[in-house]
Amino acid sequence: MTRRWFITGGTPGGFGMAFAEAALETGDRVVLTSRRPRELATWAERYGDRVLVVPLDVTDAAQVLRAVRTAEEHFGGIDVLINCAGRGWFGSIEGMDDSSVRAMFELNFFAVLSVTRAVLPGMRARGDGWIVNVSSVAGLVAATGFGYYSATKFAIEAVTETLRAEVAAQGISVLAVEPGAFRTNAYAGFADEPVAEPISEYHEMLEQVREAFVEMDGVQPGDPRRGARAVIAAMAQDPPPRRLVLGNGGFNAVTDTMEAALADIRANETLSRSVDFPG
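Residues numbered from 1 in each chain as written. Predicted model: local features only at pLDDT ≥ 70, side-chain atom pairs only at ≥ 80, totals over all residues. Heavy atoms only, no water.

Caption draft 1: Structural detail: the environment of alanine 212. Looking at where alanine 212 falls in the secondary structure, it is placed in helix α6 (residues 203-216). Residues alanine 212 and valine 80, spaced 132 residues apart in sequence, show a C-alpha to C-alpha distance of 35 Å. (Helix = DSSP H or I, 4+ residues; strand = E, 2+ residues; numbered from the N terminus.)

Caption draft 2: Inspection of the packing of helix α1 (residues 15-25) against helix α7 (residues 224-235) at higher detail. Two elements in contact, α1 and α7, have axes separated by 8 Å at closest approach and are oriented at 55 degrees. The angle between α1 and α7 falls in the class oblique. Note that α1 runs across α7; the crossing there is right-handed. Residues Phe15, Ala18, Phe19, Glu21, Ala22, Ala23 and Glu25 of α1 form the contact with α7, whose participating residues are Pro224, Arg225, Gly227, Ala228, Arg229, Val231 and Ile232. Partitioned by chemical class, the residues of the contact of α1 with α7 number nine nonpolar, one polar and four charged. (Axes fitted to C-alpha atoms, helices over the stretch in contact; angles between N-to-C directions. Parallel < 35°, antiparallel > 145°, perpendicular 65-115°, else oblique. Left-handed = near helix turned anticlockwise from the far one by under 90°. Contact = heavy atoms within 4.5 Å. Nonpolar A, V, L, I, M, F, W, Y, C, P; charged D, E, K, R; others polar.)

Caption draft 3: Local environment of the pattern of salt bridges. Applying the stated criterion across every chain yields a total of 15 salt bridges. The partner of aspartate 28 in a salt bridge is arginine 3, and the shortest N-O contact between them spans 3.7 Å. In this pair, aspartate 28 is assigned in the loop between α1 and β2 (29-34) and arginine 3 in the segment before β1 (4-7), connecting sequence segments 25 residues apart. Residue class for aspartate 28 comes out buried when judged on its relative accessible area of 4%. Exposure remark for arginine 3: the relative accessible area of 22% places this residue in the partly exposed category. (Salt bridge = Lys/Arg side-chain N within 4 Å of Asp/Glu carboxyl O. Buried < 20%, exposed > 50% of the residue type's maximum accessible area, 1.4 Å probe, protein only.)

Caption draft 4: Structural detail: the packing of aromatic side chains. A complete count under the given rule lists eight aromatic pairs for this structure. Between tryptophan 43 and tyrosine 47, the aromatic rings sit 5.3 Å apart at their centres with planes inclined by 55 degrees, giving tilted as the arrangement. Consider the rings of phenylalanine 105 and phenylalanine 109, whose centres lie 6.4 Å apart with planes at 75 degrees: the pair is edge-to-face. One end of the pair, phenylalanine 105, and the other, phenylalanine 109, are both in helix α4 (residues 98-126), four residues apart, so they sit about a helical turn from each other. Owing to a relative accessible area of 12%, phenylalanine 109 belongs among the buried residues under this scheme. Taken together, the aromatic side chains of Phe90, Phe146, Tyr149 and Phe213 make up a single cluster linked through ring pairs. Residue placement shows arginine 87 over the ring face of tryptophan 89; its charged tip is 4.2 Å from the ring centre. (Phe/Tyr/Trp six-rings, centres within 6.5 Å; stacked < 30°, edge-to-face > 60°. Lys NZ or Arg CZ within 6 Å of the ring centre and 35° of its normal.)

By themselves, these figures tell us nothing about what the structure is for.
Rendered as structure tokens:
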């Protein structure tokens, strides 16, 4: 059966494009949203009426509703939602300015909720659908210098877990995807972004974080096309996974972190169990 996809974050060289192309490879139809839709015009022409590019700033709730309605009217419904739009800023927990923190949550968290809530009524009415939330390895492993980005992704992880339980009875499946370092354009902007940290004690740490991203730009080990195909393969499993970590480095970081966290919790088991009322 041909599926109808709605994918946010359609920027050239990004994960959204990789998901769109992977879906099209399987014969499906795609609505790809972008803040700059003209950049996708030549690409979309190759696929004819199987692709619809829709302008969308995911932080504009009214525009989200219009885009979802446009997609549903054009293709008759949405079978798969890929929440892919997002980005990160670096800065210390103490020093990052409030406006940047809030902007990151608006884009990485609240916009995901907005798109998901707009798509769910149609899926519930049909009793079928897939929601894939693109989180990050940083949503399972807190990233120094990227604490607030990690916080947005940890929040996505929590919402995804809860949503999965709430919509399962409606026939809707939910998957969290945690990419590690992938060769997208996500790191390209860091070279032009100086460290704007008001607290000098954190400058060296943030310079190192920034330098690591700049050095990795263009040589990240992850292949977005293979990543998108892996997600499609995971969706076809019975039962599908609850989450899918993408990339060798990401897999190692997540499993190492989770094993260390479990060991730390168990090391204090006696103290943890000592606080209930007796009997």
